[in-house]
Structures are given as C-alpha cells and as structure tokens.
Amino acid sequence: MPENKKDEKKQEQPGRGIYEWTQALVCSVLAAVVLFAFGARVVGVSGGSMRETLQNGDLLLVVNRLLCGDFEPGDVVIAAKATFENGEPIVKRVIATGGQTVDVDFEGGIVYVDGQPLEEPYIREATHLSEGTEFPLTVPEGSVFLMGDNRNGSRDSRAPELGAVDERCLIGRAVFLLLPGETEDLGMREWDRIGAL
C-alpha cells in the first residue's frame, strides 16, 4: 500500500485524535508527578520568622536537597527535625556550614562567622534575641547553622532544640517565590516580589 494511502487510513480511524490527546495528557501528568516527587516541590511559608524576605503565606518552589548541590551561607532552605516544632518544616537561611564557627554579639546585634561580621542586608533588625545556645559554636561537618531573617521573631539554630542541623534534615533549597502571601504591614499581596530568591 502506498505511503499516502496509509496516512489517509490513519486519519480516517475514529477516536485516534482523542487517543493521542489523552496519551499526551497522561504523559504530562506523569512527568509533573515525577518532577514534584523527586526533583522539586511547592512549600508554603508559615509565620513571620523570615520577614522581610518572605511573608506568611508565600509559596516557594523548592529544589530537592539531592539535586541542589552543596548548601552555602545565604541559601534559604527548608528543614524538618523531629525534636523541633513537632517535626514541622521550617524556612530559614543558612548562616554557616560544617567547620565554620558562629558567634553572636547580642548587645551589638552582630553575627560573626569565623571571626568576621556578616553583612546582612536581608535581616529585619539586628540580632538581640538569645535562645540558649552557647556561643561561639563550631558547626559540625555535614551540618548547617540556620537563622531566620526576622532575628528577634525567629526560633532557629540559636535554640538548643534545633542547634546545628544535619544536612540530611534539609528538604531542599528555596529557589523561586511562586506566589506572594499577604504582607503583614499592607494586608495585600505584593506581586512584584514574585521571582528568584
């Protein structure tokens, strides 16, 4: 049978278009499920511990820790540790990684890593709240020290229940703000905040 006759026969088969459309839809849904199960996920911010960088109700795209490489100071991460906040995921910023030493001058409100004061344009106010962790603290290898950007309204690695966090407790790195929550000050969404973190 000539080629053009075969093509005509395919076009004449009833339901072929619906079958192809359904097949494409199922493949797309499966690809999305695999991506969000193993590669990335959407996480909601709960609370004000990361103000002004993140607001309560923000939705973040988070890359799985196995895919996002090494964690570095400045990364915004999602962590879950059974001994802290009933194991609920928390959103914090990496301040130091394994082998680095963290110290905090609570009177002056300055955080030091390896003896150098951090430049922290992202924080809401200087760090004056101590939660009980002894400083200076050297972060164990394979762990990170986490703090919220709203330093005096955040429970983080300064609390002995959390302390330095094993990297295996990190769910992943937040890379993109998908949907802004309502800001506490304005009571509305700031759509211009959408984008990379």
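Rules behind the numbers
- Residue positions are counted from 1 within each chain, in the order its sequence is given.
- At least 70 in pLDDT is required for a residue's local features to be given in this predicted model, at least 80 for side-chain atom pairs to be given and counted, and no such filter applies to totals for whole chains, interfaces and linings, which use all residues.
- Values shown for side chains rest on all heavy atoms present in the structure; no hydrogens or waters enter the calculation.
- At least two bridges found by DSSP between two strands are what make those strands a pair.
- Counting from the N terminus, the helices are DSSP H or I runs at least four residues long and the strands are E runs at least two residues long.
- Only residues whose relative accessible area exceeds 30% and that form no salt bridge are eligible for patches; like-charged ones are grouped when within 9 Å, while nonpolar side chains (Val, Leu, Ile, Met, Phe, Trp, Tyr) are grouped when within 5 Å.
- Values of accessible area rely on a 1.4 Å probe in the Shrake-Rupley scheme; residue burial ignores everything except the protein chains shown.
- A carboxyl oxygen of Asp or Glu within 4 Å of a side-chain nitrogen of Lys or Arg is what we treat as a salt bridge.
- For the exposure calls, accessible area comes from a 1.4 Å probe over protein chains only, and a residue counts as buried if that area is under 20% of its type's maximum, exposed if over 50%, partly exposed in between.

Let us now look at the sheet that holds strand β6 (residues 110–113). Two strands in a sheet stick together by hydrogen bonds in their backbones, pointing the same way (parallel) or opposite ways (antiparallel). Overall, antiparallel pairing links the four strands, which are arranged β7-β6-β5-β8 in an open sheet. Edge positions in the sheet fall to β7 (116–117) and β8 (137–138), since each of these pairs with one other strand and no more. For strand β5 (residues 101–105) and β6, the ladder comprises four bridges, and the chain directions are antiparallel. In the strand pairing of β6, Asp103 is matched with Tyr112.

Another aspect to go through is a nonpolar patch on the surface. Together, Val42, Phe176, Leu178, Trp191 and Ile194 make up a nonpolar patch on the protein surface, roughly 440 Å² of accessible area in all. Within the secondary structure, Phe176 sits in strand β11 (residues 170–179). According to the relative accessible area criterion, Phe176 is partly exposed, its value standing at 31%.

Moving on to the pairing of strand β9 (residues 143–147). Most of β9 is tucked away: five of the five residues are buried. Neither face of β9 is open: one carries Ser143, Phe145 and Met147, the other Val144 and Leu146, and all of them are buried. Bridge count for strand β4 (residues 90–97) against β9 is four bridges, and the pairing is antiparallel. Pairing of Thr97 across the sheet is with Val144, part of β9. In this sheet, strand β10 (residues 165–166) lies alongside β9 in antiparallel orientation, the contact comprising two bridges. Bridge pairing links Val144 to Val165 in β10.

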